[in-house]
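The primary structure of each chain is shown beneath.
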Amino acid sequence: MALVRGIVFAALLAGLTVSSAAALAQDFNLVIRDHKFEPAELRVPSGKRVSIYVSNEDATPEEFDSTALKVEKVIPGKSKGLVRIGPLTPGRYEFMGEFNADTAKGVVIVE
Amino acid sequence: MLGALVIVFREAIEAGLIIGIVMAATRGVADRVAWIGLGIGLGALGAGVIALFAESISGAFEGSGQELLNACVLGAAVVMLMWHNAWMARHGREMAAEMTAVGQAVTSGKRPMTALAVVVGLAVLREGAEVVLFLYGIVATGTSASSLFLGGLLGLAAGAAFSALTYYGLLAIPTRYIFTVTTVLIAFLAAGMAAQAVQFLDAAGIIDVLGQRLWDTSGILPQDGILGRLLHTLVGYTDRPSELQLIAYLATLAAMALLTWVATPARPQRAPASRTT
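The structure presented is a predicted model; accordingly, all values stated were derived computationally and were not measured. (Residues numbered from 1 in each chain as written. Chains lettered and ligands numbered in written order. Predicted model: local features only at pLDDT ≥ 70, side-chain atom pairs only at ≥ 80, totals over all residues.)

Caption draft 1: Structural view of the overall build of chain B. Secondary structure summary: chain B contains ten helices and zero strands in total. Listing each helix as α and each strand as β along chain B from the N terminus yields α-α-α-α-α-α-α-α-α-α. Partitioning the intrachain contacts of chain B with sequence separation of at least 6 by distance along the chain shows that 83% fall at a separation of at least 24. (Helix = DSSP H or I, 4+ residues; strand = E, 2+ residues; numbered from the N terminus. Contact = placed C-beta atoms within 7 Å.)

Right, dumping it as structure tokens:
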């Protein structure tokens, strides 16, 4: 029941505001293949909102996880997910696929 | 196997900690085990449902469905925790007095057990969905699945043990103070959840203000370390908080304090004299 309520609430919230924010962000693409990120390194501008479209081509789900970027997002198998980050100050921000942390590693370089 | 154990344990820590605190906060309530068990059961069921629909949730609202769901779940938990603390401000003192008077006996007072059962359920739901998806991934891959699956189960068991540790640790606190301690713990728990919730709204693209990082203590106390993770759940520690996160955190603490102040009965308490003897 809490879930249903949550979804209804989310629908209301989303209807109000989702359309306005997306347009300003810059877009990047990332692919998960064989439990690896491609490319494993993304260069993004500092001080801006950035959208990363993550496409998981594996059959299994993956979690895009980064405390540095403050992102924790599950991307189900054979589907796409949108990760929004920033604005960030210049530096290196590591991320990983938590479900396959040995191989799925990457870094966002902000410059 | 060890990898799976660690991942599942990490996800289970948060829910475990919350269950432990809720168990301690409901000390003396007759049917609390049933309530909390119901919360865990429904939470686990919900986690399975969320995992099942992960793809459509993820794709909803222009790809922000997951973030919105997380924000709502956290928001709902914050409200429930506020309700609990307000209730305790009104009735807690009598209850502690009653419990001290009759030893460890069960208190007759009604508690907002629904609120806490919901909090437990939501915690299990949020962390559990990830565990289910992770374990599903293992099973789907096939290779050495049984060993990894066993690791996952052991991770869950470790999470449960951690929950018990929290509970018995809190039980060591004298009865007179225990509700004060759990109320303060719950206030910080809620503040941390609120800070997380606004971050999810930010990630969903709903909020796009005050996103600047305030400080970076990841070098000293990384949030993904064991201690950092514990503090993250317990008091909402974040190694790189945004301005908005700090505001949400402080606002929740302030709201909790205000609620407690408003809910505390105005009449002078007559209990202390009989208790201190």
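Caption draft 2: Region of interest: the overall build of chain A. Looking only at helices and strands, one finds one helix and nine strands in chain A. Burial status across chain A gives 41% buried among its 111 residues. Put simply, 57% of the contacts in chain A that link residues at least 6 apart link residues at least 24 apart. (Buried ≥ 20, exposed ≤ 12 C-beta atoms within 10 Å, placed from the backbone.)

Caption draft 3: Helix 3 (residues 54-63) of chain B, seen in detail. Taken together, the buried positions of helix 3 of chain B are occupied by A54(B), I57(B), S58(B), F61(B) and G63(B). The buried residues of helix 3 of chain B occupy one face: seen down the axis, they fall within an arc of 130°. (Arc of directions from axis to C-beta.)

Caption draft 4: Inspection of the sheet that holds strand 3 (residues 41-44) of chain A at higher detail. All names here are of chain A. Spatially, 3-9-8-5-6 is the arrangement adopted by the five strands of the open sheet, whose pairing is mixed. Sheet topology places strand 3 and strand 6 (71-75) at the edges, where each strand pairs with a single neighbour. The sheet shows a mean angle of 20° between the axes of neighbouring strands, direction not considered. Here strand 3 runs beside strand 9 (residues 105-110); their pairing, made up of four bridges, is parallel. The partner of L42 across the bridge, within strand 9, is V108. (Pairing = 2+ DSSP bridges. Axes fitted to C-alpha atoms, helices over the stretch in contact; angles between N-to-C directions.)

Caption draft 5: Representation of the confidence of the model for chain A. Per-residue confidence for chain A averages 83 on the pLDDT scale, and 77% of its residues sit at or above 70. Contacts for the low-pLDDT stretch residues 15-23 of chain A, under 50 throughout, to residues beyond four places or in other chains number eleven contacts. (pLDDT = per-residue confidence, 0-100.)

Caption draft 6: Representation of helix 7 (residues 175-203) of chain B in the model. All names here are of chain B. For helix 7, spanning 29 residues, the distance from its first C-alpha to its last is 42 Å, which sits close to the expected 42 Å at 1.5 Å a residue. A large share of helix 7 lies buried, amounting to 22 of its 29 residues. Of the residues trailing helix 7, G205 is marked for its positive phi of about 85°. (Expected span 1.5 Å × (residues − 1).)

Caption draft 7: Seen up close, the confidence of the model for chain B. Residue and element names in this part refer to chain B. Per-residue pLDDT for chain B averages 86, and the proportion of residues at 70 or more is 88%. Of the regions scoring below 50 in pLDDT, residues 273-277 engages in two contacts with residues more than four places distant in sequence or in other chains. Model confidence for the complex: the whole-complex pTM is 0.83, and ipTM, which rates the interface, is 0.78.

Caption draft 8: Main features of the packing of helix 1 (residues 2-25) of chain B against helix 8 (residues 226-235) of chain B. Residues and elements named next belong to chain B. Close contact between helix 1 and helix 8 brings their axes to 10 Å; oriented N to C, the two are set at 35°. Seen from above, helix 1 lies across helix 8 with right-handed handedness. Two secondary-structure elements touch here, helix 1 through R10, I13, E14 and L17 and helix 8 through R229, T233 and L234. Taken together, the residues of the contact of helix 1 with helix 8 sort by class into three nonpolar, one polar and three charged. (Left-handed = near helix turned anticlockwise from the far one by under 90°. Nonpolar A, V, L, I, M, F, W, Y, C, P; charged D, E, K, R; others polar.)

Caption draft 9: Seen up close, the interface of chain B and chain A. With 39 residues of chain B in contact, the opposing surface of chain A contributes 33 residues. Looking at the side of chain B that touches chain A, the elements with two or more residues in it are helix 2 (32-52), helix 3, helix 4 (65-101), helix 5 (113-141) and helix 7 of chain B. Take the side of chain B that touches chain A: its biggest share by element is ten residues, from helix 5 of chain B. Each residue belonging to the side of chain B that touches chain A can be placed in one class, and the counts come to 17 nonpolar, 14 polar and eight charged.

Caption draft 10: Local environment of unusual backbone geometry. Cis peptide bonds are those with omega within 30 degrees of zero, and the linkage from E38(A) to P39(A) qualifies with -5°. Inspection of the secondary structure puts P39(A) in the loop between strand 2 (36-38) and strand 3. A positive phi is found at D34(A), a non-glycine position, where the angle reads about 50°. Relative to the helices and strands, D34(A) resides in the loop between strand 1 (26-33) and strand 2. With phi around 50°, L210(B) is a residue other than glycine that occupies positive phi space.

Caption draft 11: Focus on the sheet that holds strand 7 (residues 79-85) of chain A. Residues and elements named next belong to chain A. Strand order across the open sheet formed by four strands is 2-1-4-7, with mixed pairing between neighbours. The open sheet has two edge strands with one neighbour each: strand 2 and strand 7. Averaged over all neighbouring strand pairs, the angle between strand axes comes to 30°, with direction disregarded. Relative to strand 2, strand 1 is paired through three bridges, and the arrangement is antiparallel. Within strand 2, the residue paired with V31 across the bridge is E38.

Caption draft 12: Focus on the pairing of strand 9 of chain A. Residues and elements named next belong to chain A. Covered by surrounding structure in strand 9 are G106, V108 and V110 only, the residues K105, V107 and I109 on the alternate face being uncovered. Here strand 8 (residues 91-97) runs beside strand 9; their pairing, made up of six bridges, is antiparallel. The partner of R92 across the bridge, within strand 9, is I109.

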